[in-house]
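Per-entry structural report
Read off the chains here:
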Amino acid sequence: MYLADHTWEELGPHLEENSLALVPLGSTEQHGPALPESTDHVIAESLAREAADRTGYLCTPTVNVGVSPHHRQFPGTMWVDAPQFREYVESLARNLTYHGIDRLVFVNAHGGNVEHLREVGRRLRDDRACYAIEWMWNDSIPELVEELFETPGPHGGPKETSMMLHLDRDNVAEDRIQAARDGGLQEFENYRVHGARTFYDAIDNTANGVLGDQTDASAEKGERLFEAAVDQLCQLCGWLDDQPYEDLMPKPRVTTGD
């Protein structure tokens, strides 16, 4: 059930009977020569809306711009600063609690959002406003990602390319996939120097903004990734809906016995 497609009269009865919602979040940022800057938010919205269709839970409109200053050197990348992102998402979540929602799944497709969504979830839980958790699609299916790709790449690689070939092929520059691989970074295990991460921006590691072997991507692989991830998301929603609310709230302070 996609919130924005319904009237308030249609939404009222649904909100009276259901207290879980999915909130898709992504980014609008560079994904190399072959993928559009919409990649993350297209993936997040597609997963969330499909899971909502299958389960009947509410899906909100998508947060399309995330925390992406580490991609700022590439033209077109948009971002908001982390504090403003956290405040916005928290405010959005509290708006949903006003309508009776007490558990949220942040359906996330951008790595730069993860720690901030976790922090928002902590704030909301500490205030007992609601229980909100961050879900990242590729983290839900690591075995399949490993099975399908030799070098999946953490950004703009074959897993995201496959998803976009499945979801939005018209906006993939397929004639630039080879160039994405050849101009990017394929070996990316040694990110640290004496244990320290010495880089801050994507361009510090990859000249064209992407990592992995994009030529290993296909729409068929994208469909397998999408179906597996949606299944995991549906199962997560069912599990979360089944939990007693008090079990999701912070445990009381430990006290010593007399």
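Notes on the structure in this doc start here.

Conventions and cut-offs
- Residues numbered from 1 in each chain as written.
- Predicted model: local features only at pLDDT ≥ 70, side-chain atom pairs only at ≥ 80, totals over all residues.
- Heavy atoms only, no water.
- Pairing = 2+ DSSP bridges.
- Helix = DSSP H or I, 4+ residues; strand = E, 2+ residues; numbered from the N terminus.
- Contact = heavy atoms within 4.5 Å.
- Axes fitted to C-alpha atoms, helices over the stretch in contact; angles between N-to-C directions.
- Buried < 20%, exposed > 50% of the residue type's maximum accessible area, 1.4 Å probe, protein only.
- Arc of directions from axis to C-beta.

In this section: the sheet that holds strand β4 (residues 131-136). Pairing within the open sheet is parallel, and its 4 strands lie in the order β2-β1-β3-β4. Each edge of the sheet is formed by a strand with only one pairing partner; in this case those strands are β2 (58-59) and β4. Sheet topology places strand β3 (residues 103-108) next to β4; 6 bridges connect them, and they run parallel. By the bridge assignment for β4, V105 is matched with I133. Packed onto the sheet, helix α4 (residues 114-126) meets β1 (20-25), β3 and β4 and runs at close to 165° relative to β4.

Another aspect to go through is the pairing of β3. Among the 6 residues that make up β3, 6 are buried, leaving the element largely enclosed by the rest of the structure. Alternating positions in β3 separate into two faces, R103, V105 and V107 on one and L104, F106 and N108 on the other, with burial throughout. Examined bridge by bridge, β1 and β3 share 6 bridges and lie parallel to one another. Bridge pairing in β3 places P24 opposite V107.

With that out of the way, let us pick up helix α1 (residues 8-17). Each full turn of the α-helix corresponds to 3.6 residues, which orients residues three or four apart in the same direction. Taken together, the buried positions of α1 are L11, H14 and L15. In a view along the axis of α1, the buried residues occupy a sector of 95°, so they form one face of it. Exposed side of α1, more than 90 degrees from the buried face: E9, E16 and E17 are the residues found there. Residues of α1 that are buried make contact with β2.

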